[in-house]
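Structure assessment
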Amino acid sequence: QVQLEESGGGLVQAGGSLRLSCAASGRTFGNYTMGWFRQAPGKEREFVAAISWSGGSTIHARPVKDRFTISRDNAKNTVYLQMRSLKPEDTAVYYCARGARFQPRSIPDYGMDYWGKGTLVSVSS
C-alpha cells in the first residue's frame, strides 16, 4: 500500500513563499509520475503541477506558472512544490498524488491512483 504524506502548509501573507513536501512510502517511488493538486473551498480540485519519474519533464498549470516549481528527490522518496509570490487565490488544500502517467483530460483523478490527505495553505491579503 502506497502512502503519501504532505507537509509544509500554513498561513502566509500575500507575496510570501512556502515549500510543500510530499513523502512517499514504498520502493517504487522513482517509477511514477508525481503531481500536486489543490482544492479551494467551494471549488473543484484542480491541477497544479506534475513531474515525470526522472524529474526531466515538468508541467505547471497556467495560474501558477513562473511562481511555483515542482521537483523531486528519488533518493528521498519526496516530491516538492516551491511556491513563491503567493496570492490569496492560492488558498486551498494541496494534495500530492502518484500515477503511471499524468492525464490532463482524465478529470477528476488526472490518471493518479494514490493521493495524500492534503495540507492547507492559507494566503492572507
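The structure we're discussing is the one just above.
Before going into details, it helps to say that this report is about the structure given with it. (Residues numbered from 1 in each chain as written. Predicted model: local features only at pLDDT ≥ 70, side-chain atom pairs only at ≥ 80, totals over all residues. Heavy atoms only, no water.)

1. Regarding the pattern of salt bridges
Our working rule: Should a side-chain nitrogen of Lys or Arg be within 4 Å of a carboxyl oxygen of Asp or Glu, the pair is scored as a salt bridge. Working definition: helices are DSSP H or I runs of at least four residues, strands are E runs of at least two. Numbering for both runs from the N terminus. Exposure is judged per residue with a 1.4 Å probe applied to protein chains only, and the accessible area is read against the type maximum: over 50% gives exposed, under 20% gives buried, and values in between give partly exposed.
On inspection of all chains with the given rule, the structure shows five salt bridges. Among the salt bridges present, the one from Asp-109 reaches Arg-45, with a minimum N-O distance of 3.0 Å. Remark: Arg-45 occurs in the loop between strand 4 (33-39) and strand 5 (46-51) and Asp-109 occurs in the loop between strand 9 (92-99) and strand 10 (112-115); sequence separation between them is 64 residues. The partly exposed category is assigned to Arg-45, whose relative accessible area is 22%. Between Asp-90 and Arg-67 there is a salt bridge; the shortest N-O distance is 2.8 Å. Within this pair, whereas Asp-90 is found in the loop between strand 8 (78-83) and strand 9, its partner Arg-67 is found in the loop between strand 6 (58-60) and strand 7 (68-73), the two being separated by 23 residues in sequence. There is no split in this pair, since Asp-90 and Arg-67 are both buried. The network of salt bridges with shared partners includes Arg-38, Glu-46, Arg-67 and Asp-90.

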